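Each chain, letter by letter, is given below.
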Amino acid sequence: SEDEMTFFERDMKEFWIQFKISYGTEQINQTLALRDSCKETIEALSKKWSKKLKEEDLMIDKIQECNNEILQQKKYAAEKEEQLTEIKLKLSQEEEQQKNLTDSIQKLKEELIKKMEIKSSKNEAAKEKVERVSETKTLFKERLALEMRRIHDEQLQFIFRHIDHKDPDKPYMFTLSLNEQGDYEVTSCTPPLDCIAELQLKLRETNNFSAFVANTRKAFTALSFK
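Residues numbered from 1 in each chain as written. Predicted model: local features only at pLDDT ≥ 70, side-chain atom pairs only at ≥ 80, totals over all residues. Heavy atoms only, no water.

- Looking at an unreviewed UniProt entry, the protein carries the name Kinetochore protein SPC25, with the source organism given as Dasyornis broadbenti.
- Under the heading Sequence similarities (unreviewed entry), UniProt records this for the protein: "Belongs to the SPC25 family." (UniProt positions renumbered as here; feature names shortened; annotations may be inferred.)

1. Points about the overall build of the protein
No. 1: If you tally the helices and strands in the protein, you get four helices and four strands.
No. 2: Helices and strands in the protein line up, N terminus first, as α-α-β-β-β-β-α-α.
No. 3: Out of the 226 residues belonging to the protein, those deemed buried represent 17%.
No. 4: Considering only contacts within the protein whose residues lie at least 6 apart along the sequence, 38% involve residues at least 24 apart.
No. 5: For the protein, the accessible area works out to roughly 18400 Å², and carbon and sulfur atoms hold 55% of it. (Helix = DSSP H or I, 4+ residues; strand = E, 2+ residues; numbered from the N terminus. Buried < 20%, exposed > 50% of the residue type's maximum accessible area, 1.4 Å probe, protein only. Contact = heavy atoms within 4.5 Å. Areas by Shrake-Rupley, 256 points an atom, 1.4 Å probe, with all protein chains shown as cover.)

2. With respect to the packing of helix α3 (residues 196–206) against helix α4 (residues 209–224)
No. 1: Put simply, α3 and α4 touch, their axes get as near as 9 Å, and they point 165° apart. Between α3 and α4, the interaxial angle falls into the category roughly antiparallel. As for the relative orientation of α3 and α4, their crossing is right-handed in sense. Listed contacts from α4 to I196, L199, Q200 and L203 of α3 are F209, F212, N215 and T216. (Axes fitted to C-alpha atoms, helices over the stretch in contact; angles between N-to-C directions. Parallel < 35°, antiparallel > 145°, perpendicular 65-115°, else oblique. Left-handed = near helix turned anticlockwise from the far one by under 90°.)

3. Side note on the nonpolar core
No. 1: Ranked by internal contacts, the top residues of the largest apolar core, which has 21 residues, are F158, F160, F174, L176, F209, F212 and F220.
No. 2: Mapped by element, the contributors of at least two residues to this core are β1 (146–151), β2 (155–160), β3 (172–178), β4 (184–190), α3 and α4.
No. 3: Beyond its immediate stretch of four places on either side in the chain, F220 contacts F160, I163, Y172, M173, F174, C189, T190, P191 and L193. (Core = buried A, V, L, I, M, F, W, Y, C linked by side-chain atoms within 4.5 Å.)

4. Structural notes on α4
No. 1: Over its 16 residues, α4 extends 23 Å from the first C-alpha to the last, a length consistent with the 22 Å expected when each residue adds 1.5 Å.
No. 2: Inspection of α4 places F209, F212, V213, T216, R217, A219, F220 and S224 among the buried residues, and these make up the whole buried set. For α4, the angular spread of the buried residues around the axis is 160°, confining them to a single face.
No. 3: The residue sitting at the N-terminus of α4 and contributing the capping side-chain oxygen is N208; that oxygen lies 3.5 Å from the backbone nitrogen of S210. (Expected span 1.5 Å × (residues − 1). Arc of directions from axis to C-beta. Polar contact = N/O pair within 3.5 Å; in protein donor to acceptor, adjacent residues only side chain to side chain.)

5. Structural notes on the pairing of β4
No. 1: As defined by bridge partners, β3 adjoins β4 across six bridges and the pair is classed as antiparallel. Among the inter-strand pairings, S177 is bridged to a residue of β4, identified as E185.
No. 2: Taken together, β3 and the strand that follows it, β4, pair antiparallel across an intervening segment of five residues, in which G182 is found at a positive phi of about 85°. (Pairing = 2+ DSSP bridges.)

6. Remarks on the side chain of R217
No. 1: Within the fold, R217 resides in helix α4.
No. 2: No salt bridge is formed by the buried R217, whose closest oppositely charged neighbour, D164, lies at an N-O distance of 11 Å. (Lys, Arg positive; Asp, Glu negative; His and termini not counted. Salt bridge = Lys/Arg side-chain N within 4 Å of Asp/Glu carboxyl O.)

7. Side note on the pairing of β3
No. 1: When you tally the buried positions in β3, you get five out of seven residues, the bulk of the element.
No. 2: Inspection of the sheet shows β2 paired to β3 by five bridges, in the antiparallel sense. Bridge pairing in β3 places F160 opposite Y172.

8. Re the sheet that holds β3
No. 1: The four strands lie next to each other as β1-β2-β3-β4, forming an open sheet whose pairing is antiparallel. Pairing within the sheet leaves two strands with one partner each, and these edge strands are β1 and β4. Each strand of the sheet is rotated relative to its neighbour by a mean of 20°, with strand direction disregarded.
No. 2: Strands in contact with α4 are β1, β2, β3 and β4; relative to β3, the strand with the most contacts, it is inclined by about 150°.

This is the structure we're talking about:
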């Protein structure tokens, strides 16, 4: 009948409404549950990856720190290598200077020994000359009226008398010494003789001291007659 159909349609509508409401709520709940599950999963993954990223950042920082330390060690090693090179160079230079100094000292020692030997030889020669002069002192005094005196700086002064017949006591003198080369050298002559340099040269050439003294007396005697 018409009423039954109306009730049927109404029941069907209510059924569909209830079905839709029931199905929609369940789907919404499932969706929400799925959303919450996804959210939890995403949060868990976020925490996991955030932790992993932090660990990686720490690892990167650690690696960078190690790299910086390696660079510092390399720089320090390079500086030490440079310092070591400088030290080696200085040591080499000092060794060279030490060698040069040792060679110079050895050379000076050899030169000093040689000079000492030469000086010793000259001293011996000078000693012989002084002894020879001393040996003839008495002879000259007796025969030539000659007086010899040792004065300052190891010089010998020779004084002649009995030359000037007008004044026999008038002194005629010269002073003689040995120079650094060990040669005779007339350092003074009173009164002056023009030929004294020539007499000195001949004495050095012949080493004949007696002849030198005799010739000097002759020159004084000749001067006294002028």
